[in-house]
Amino acid sequence: MHLDNDTFLRALRKQKTEYTPIWLMRQAGRYLPEYMATRTKAGSFMGLATSPQFATEVTLQPVDRYPLDAAILFSDILTVPDAMGLDLSFVAGEGPKFSKAVRDEESVRALFSPDPTEKLGYVMEAVKQIRKALNGRIPLIGFSGSPFTLATYMVEGGSTRDFRLTKNMLYKRPDLLHKILDVNCKAVTDYLNAQIEAGVQAVMIFDTWGGILSHADYLEFSLDYMERIVQSLDVGTDEEKVPVILFTKGSGAWLKELGNSGAEAIGVDWTVGLKQAREAMEDKVALQGNLDPAVLFASEDSIRCQARKVIDDFGMVGQGGHVFNLGHGVDKAVLPESVGILVDEVHKYSRKYHQ
Ligand code: 1CP
């Protein structure tokens, strides 16, 4: 498989690169006027996500505008519970909503792991079309939510601030939550394997809400399931091996355990120092992150200065192992120019660490 720019994959494999590669979580999205135009054409978020043609269009938008080192499949983590029959919709101003929530014995028993080539065939078709449209320019990242993060949306029936129903189930009926997580674990494994089969060149598991758990609960209800997935992915071997990135938001307390998870790379948010993370993980894995997304609201000088701080914090002269990213997604109110400034600074400034 030839790639014009494989800097991102080499960095994940901790091989030498010429500069620090960069892509941004939520790089396709509402801050881009071209995204808003396509979304209007599609009529709704699900209209956009379920059309391989529109999904290809919006995946390419940020990589056509900026010299990013990776593209990420345009989809959403919640398409998996949607394919389980929970019926996802996005209510304007309110975020995601499921018409069926999973809160009792009966609804847990009815859960099943969907055949990804059937129920999520539109995602696999999008992967194929995006690979064709990218034509070997940069690698394509596939993704899924973690079993626990998906479970929070399934139990709550949508977004939440306090995770009341999820925690209620965790402490009152841990057996029920484990049953949901078992189904999610299989669903995510099959889904990511289907994405790999369709052509994604790296995969990332988004554990956005693992950080709300206590230490012991994180290990039992989130990390353990992610490790099972990592072990069951058909990632291939050697140079063609598909790297796996795990991202738990708020993972500062579990860096050591994450370093031993079997994933090639760990994504960290901005509350963790990259030097500290490297030390805790004993440089066993590559790191992805971790500029505070709010920096993109600052002046050009500040954006450049803060980007340099992240690169300096990682340090490591002459080696790979760092993929620059934000510590979480790009905010919808960010000015598109600010993203261009960040990409430029990372590409230029990081060269001194890669000679
Ligand atoms: O109205 C719109 O246009 C919808 C906004 C939007 C977008 C652009 C949603 C709804 N999803 C997405 C795309 C998306 N979601 C991507 C695309 C690729 C890219 O990064 O460019 C990805 C990777 C996701 C993943 C996702 N969805 C996560 C995990 C990452 C994270 O940001 O923490 C989560 C938690 C979701 C759920 C979700 N989908 C959409 C919204 C508004 C939310 C968050 C709801 C909440 O806060 O609970």
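A few points about the pairing of strand β4 (residues 140-145)
Phase 1 of the analysis: Counting buried positions along β4 yields 6 of 6 residues, so the element is predominantly enclosed.
Phase 2 of the analysis: With burial as the criterion, each face of β4 is covered, one bearing Leu140, Gly142 and Ser144 and the other bearing Ile141, Phe143 and Gly145.
Phase 3 of the analysis: Bridge analysis of strand β1 (residues 71-72) against β4 gives 2 bridges, and the strand direction is parallel. Within β4, the position partnered with Ile72 by the bridge is Ile141.
Phase 4 of the analysis: Looking at chain direction, β4 and strand β5 (residues 202-207) are connected through 5 bridges and run parallel. Note that in β5 the partner of Gly145 across the bridge is Phe206.

Topic: the site of the ligand
Phase 1 of the analysis: Taken together, 23 residues surround the ligand, and among them Tyr35, Arg39, Asp76, Tyr153 and His328 come closest.
Phase 2 of the analysis: Between the ligand and Gln27, the relevant distance is 3.2 Å, taken from an oxygen atom to a main-chain nitrogen or oxygen of the residue.
Phase 3 of the analysis: Contacts to the ligand include Asp76, whose side-chain N or O atom sits 2.6 Å from a nitrogen atom.
Phase 4 of the analysis: Expressed as a share of its isolated accessible area of 890 Å², the protein-covered part of the ligand is 87%.
Phase 5 of the analysis: Structurally, the ligand is housed in the largest pocket.

Some words on the packing of aromatic side chains
Phase 1 of the analysis: In total, this model carries 8 aromatic pairs according to the counting rule given.
Phase 2 of the analysis: Centroid distance Tyr35 to Phe74: 5.7 Å. Interplanar angle 50°. Geometry classified as tilted. Taken together, the residues Tyr35 in helix α2 (residues 33-42) and Phe74 in the loop between β1 and α5 (79-86) connect sequence positions 39 residues apart.
Phase 3 of the analysis: Residue classification places Tyr35 among the buried positions, given a relative accessible area of 4%.
Phase 4 of the analysis: Their ring planes at 15° and their centres at 3.8 Å tell us that Tyr218 and Trp254 sit as a pair that is stacked. Within this pair, whereas Tyr218 is found in helix α11 (residues 215-232), its partner Trp254 is found in the loop between β6 (244-248) and α12 (255-259), the two being separated by 36 residues in sequence.

Parameters at a glance
- Residues numbered from 1 in each chain as written.
- Predicted model: local features only at pLDDT ≥ 70, side-chain atom pairs only at ≥ 80, totals over all residues.
- Heavy atoms only, no water.
- Buried < 20%, exposed > 50% of the residue type's maximum accessible area, 1.4 Å probe, protein only.
- Helix = DSSP H or I, 4+ residues; strand = E, 2+ residues; numbered from the N terminus.
- Pairing = 2+ DSSP bridges.
- Near = heavy atom within 4 Å.
- Polar contact = N/O pair within 3.5 Å; in protein donor to acceptor, adjacent residues only side chain to side chain.
- Areas by Shrake-Rupley, 256 points an atom, 1.4 Å probe, with all protein chains shown as cover.
- 1 Å grid on protein atoms, 1.4 Å probe; cavity = no way out; pocket = protein on both sides within 12 Å on 5 of 7 lines; lining within 4 Å.
- Sits in = over half its atoms within 2 Å of the grid points.
- Phe/Tyr/Trp six-rings, centres within 6.5 Å; stacked < 30°, edge-to-face > 60°.

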